[in-house]
Amino acid sequence: MKIYNICFSPTGGTKKVADIVSRGFSEQFEFIDLTEKSFDNNISIKPDDIAIISVPSYGGRVPEVAVKNIMKLEGNRPYKNFNCVSMVPKPTNKCNKCGLCATKFPVGAIYINNPKNVDSSKCIACMRCVYICPQFSRKVNKVLLSGATLALKSVCSERKECELFI
Ligand SMILES: Cc1cc2nc3c(=O)[nH]c(=O)nc-3n(C[C@H](O)[C@H](O)[C@H](O)COP(=O)(O)O)c2cc1C
């Protein structure tokens, strides 16, 4: 039996939890990072293996891009619209176009040839670019940020019970 820790964690919080859960099963687990590249279908998970798949929620939904090759998401169809488009981080003049943000994320919202150009329709507002930028150049509009902070405080103030989908 093998343990797989399959994780999408743009700013590291989900990974911390996934690592703890995985270690609860065994110190020996294979880590598959979905943050930088899509799931490689060459990995074959056998019936007696355990796969711990962890993905954060944005705007009340799991980003489909993160899990599209692994599992069929439960929930309503059509898939809930993404309502965080206004939270797209923008580069400030500290950006030196190093391109790290464009290479370290699979959705392709930031163009490698011109990292100052962001495709808002592809951005999932996960804040990975803010987290990894060595120049601390990516910023979210302060007013929108305080609005989102208030909304998240209320959404996250109560414990959510686990749900089991089989
Ligand atoms: C734009 C945005 C929207 C979010 N929406 C939700 C949400 O609807 N529900 C929730 O529980 N958490 C929400 N969060 C919180 C993230 O799920 C949380 O920060 C998570 O730890 C991020 O994972 P990471 O640290 O692995 O990147 C949101 C975060 C951001 C940046």
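Everything numeric in this text was worked out from a predicted model, so none of it was measured.

J.: Looking at this model, I keep getting lost on the sheet that holds strand β2 (residues 30–33). Mind explaining?
T.: The strands that make up a sheet pair up through hydrogen bonds in the backbone, lying either parallel or antiparallel. One open sheet accounts for three strands, arranged β2-β1-β3; its pairing is parallel. The open sheet has two free edges, formed respectively by β2 and β3 (50–54), since each of these has just one partner strand. Each strand of the sheet is rotated relative to its neighbour by a mean of 15°, with strand direction disregarded. Direction of pairing for strand β1 (residues 3–7) relative to β2: parallel, over a ladder of four bridges. Among the inter-strand pairings, Cys7 is bridged to a residue of β2, identified as Asp33. Against the sheet, helix α1 (residues 13–25) touches β1 and β3, its axis set at about 170° to β1.

J.: Mind showing me how you'd approach the site of the ligand here?
T.: In the vicinity of the ligand there are 20 residues, among which Ser9, Thr11, Gly13, Thr14 and Pro56 approach most closely. When residues of the shell around the ligand are traced back to their parent elements, those giving at least two are α1 and α5 (142–155). Here the shell around the ligand is composed, by residue class, of eleven nonpolar, eight polar and one charged. Looking at which domains feed residues into the shell around the ligand, each of domain 1 (3–79) and domain 2 (85–140) gives three or more.

J.: Sorry if this is basic, but what is going on with the nonpolar core here?
T.: Proteins that are soluble and globular tend to have nonpolar side chains buried together. Membership of the largest hydrophobic core comes to 13 residues, with the highest contact counts inside it found for Val88, Cys101, Ile110, Val118, Cys123 and Ala125. Not counting residues within four places of it along the chain, the set of residues in contact with Cys101 comprises Ile110, Pro115, Cys129, Ile132, Cys133 and Arg138. By size, the runner-up hydrophobic cluster in this structure holds seven residues, among which are Ile6, Cys7, Val55 and Ala66.

J.: Is there a simple way to explain the domain arrangement of the protein in this structure?
T.: Accessible area lost upon the coming together of the parts is a frequently used measure of interface size. Structurally, the protein comprises domain 1 (3–79) and domain 2 (85–140). Relative to domain 2, the C-alpha centre of domain 1 lies at a distance of 23 Å. Tallying the contact residues gives nine residues for domain 1 and ten residues for domain 2. Of the residues that constitute the side of domain 1 that touches domain 2, the class distribution is four nonpolar, three polar and two charged.

Basis of the calculations
Residues numbered from 1 in each chain as written. Predicted model: local features only at pLDDT ≥ 70, side-chain atom pairs only at ≥ 80, totals over all residues. Pairing = 2+ DSSP bridges. Helix = DSSP H or I, 4+ residues; strand = E, 2+ residues; numbered from the N terminus. Axes fitted to C-alpha atoms, helices over the stretch in contact; angles between N-to-C directions. Contact = placed C-beta atoms within 7 Å. Near = placed C-beta within 6 Å. Nonpolar A, V, L, I, M, F, W, Y, C, P; charged D, E, K, R; others polar. Domains from an automatic or database assignment. Core = buried A, V, L, I, M, F, W, Y, C linked by C-beta atoms within 7 Å. Buried ≥ 20, exposed ≤ 12 C-beta atoms within 10 Å, placed from the backbone.

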